[in-house]
Amino acid sequence: MFDAKKLLDQFLGSQVPGRSGSDKSGSASGWAGQVTDIARNNPLKTAGIAAAILGTKTGRKLAGNAVTIGGIAAVAGLGYLAYKNYKSGQSPQTAPQPQPTSAEPIALPPPDSAFSLQSPQLSNDFALTLVRAMIAAAKADGHIDQAERANIMEKIHAVDLGAEAEAFIAEQLANPVDIDDLVAAARTEEQKVELYTATRLTIDPDTRAERGYLDMLAGRLNLPDALIDHIDATVSSAKVASPAV
């Protein structure tokens, strides 16, 4: 089995050089400019597989705070913030949110949190579920036909994920989404939050089909409306639109 956590990072495009974990050299403004330039010139470097599947519009939006810390950390960090704000009784309109224009990364959950990157809940199997959820979301508006799949896989092949991971993505794109299987994989409330957060990171509800898919997933996960509102607000705040290509 391939490393699903690494694949999730590549899906959201954490492969930007010079800002990984231990490397935080350089000024914040300089880093922000670098991310913007890379996003403009090559969205696949900043939005990774998401840009290949969803197009450069989503690629540019994902080239914000999420990219500075990596895919799986972005899902965990945003899910944790939304969950914490919800539990504190704040409204989505007044709760603190990540700033999309900031070069500082999204804060990671504390080690004792179920959202922690070291939590047993964030297993390789569940990371694979998050990847599957994001691919399912990409297919929500029905725009991916056979010709589009071939175009997507050509772009993904250039990312050099490895044969096993590439075959997995091709299979997920070609086959119908099993929503029951996705929902069943989220066994705790925190996992349900992360599953919805990953889905919401992948798509914006710009179409009726995408809005309907998000509503259906929220209902199947049995998440409270107020918590969904917090996740929507937190993810929206973390995204930033880079200049058009």
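Parameters at a glance
- Residues numbered from 1 in each chain as written.
- Predicted model: local features only at pLDDT ≥ 70, side-chain atom pairs only at ≥ 80, totals over all residues.
- Heavy atoms only, no water.
- Helix = DSSP H or I, 4+ residues; strand = E, 2+ residues; numbered from the N terminus.
- Polar contact = N/O pair within 3.5 Å; in protein donor to acceptor, adjacent residues only side chain to side chain.
- pLDDT = per-residue confidence, 0-100.
- Contact = heavy atoms within 4.5 Å.
- Axes fitted to C-alpha atoms, helices over the stretch in contact; angles between N-to-C directions.
- Parallel < 35°, antiparallel > 145°, perpendicular 65-115°, else oblique.
- Left-handed = near helix turned anticlockwise from the far one by under 90°.
- Nonpolar A, V, L, I, M, F, W, Y, C, P; charged D, E, K, R; others polar.
- Expected span 1.5 Å × (residues − 1).
- Buried < 20%, exposed > 50% of the residue type's maximum accessible area, 1.4 Å probe, protein only.
- Lys, Arg positive; Asp, Glu negative; His and termini not counted.
- Salt bridge = Lys/Arg side-chain N within 4 Å of Asp/Glu carboxyl O.

Visitor: Give a description of the side chain of aspartate 204 that names residues and reports values.
Guide: Secondary-structure assignment places aspartate 204 in the loop between helix H11 (189–202) and helix H12 (208–221). Within polar-contact distance, the side chain of aspartate 204 engages the side chain of arginine 200 at 3.2 Å.

Visitor: Provide a residue-level description of the confidence of the model for the protein, including the pertinent values.
Guide: Per-residue confidence for the protein averages 76 on the pLDDT scale, and 71% of its residues sit at or above 70. Looking over the protein, one finds the lowest element-wise mean pLDDT in helix H2 (residues 28–41), namely 40, and the highest in helix H10 (residues 179–185), namely 95. Below pLDDT 50 for its whole length, residues 56–60 participates in 13 contacts with residues either more than four positions away or in separate chains. Below pLDDT 50 for its whole length, residues 241–245 participates in 14 contacts with residues either more than four positions away or in separate chains.

Visitor: Now, about the packing of H11 against helix H13 (residues 225–238): what can you tell me, with residues and values included?
Guide: Taken N-terminus to C-terminus, the directions of H11 and H13 make an angle of 45°; their axes are 10 Å apart at the nearest point. Our classification of the angle between H11 and H13 gives oblique. When you trace H11 past H13, the crossing you get is right-handed. Touching Glu189, Val193, Tyr196, Thr197, Arg200 and Leu201 of H11 are Leu227, Ile228, Ile231, Asp232, Val235 and Ser236, all from H13. Split by residue class, the contact of H11 with H13 holds seven nonpolar, two polar and three charged.

Visitor: Go over helix H7 (residues 124–138), please, and point to the residues and values.
Guide: Here H7 spans 21 Å end to end across 15 residues, near enough to the 21 Å set by a 1.5 Å rise per residue. Across the 15 residues of H7, 13 count as buried, placing the element largely inside the fold.

Visitor: Please provide a residue-by-residue account of the side chain of glutamate 166, values included.
Guide: Mapped onto the elements, glutamate 166 comes out in helix H9 (residues 163–174). No salt bridge is formed by the buried glutamate 166; its nearest oppositely charged neighbour, arginine 149, is found at 13 Å. Here glutamate 166 is in contact with Met153, Ile156 and His157, once residues within four sequence places are set aside.

Visitor: With reference to specific residues and values, describe the pattern of salt bridges.
Guide: With the rule as written, the count across this model stands at five salt bridges. Of the charged contacts in the structure, one is a salt bridge between aspartate 180 and arginine 220, with a shortest N-O distance of 2.0 Å. Placement of aspartate 180 in helix H10 and of arginine 220 in helix H12 is noted, with a sequence separation of 40 residues between them. Of the residues examined, arginine 220 reaches a relative accessible area of 38% and is grouped as partly exposed. A salt bridge links aspartate 215 to arginine 211; the shortest N-O distance between them is 3.2 Å. With aspartate 215 and arginine 211 both in helix H12, this residue pair falls four residues apart, about one helical turn. Its relative accessible area of 45% is what places aspartate 215 among the partly exposed residues. If you follow the salt bridges from partner to partner, you end up with Arg200, Asp204 and Asp232 in one network.

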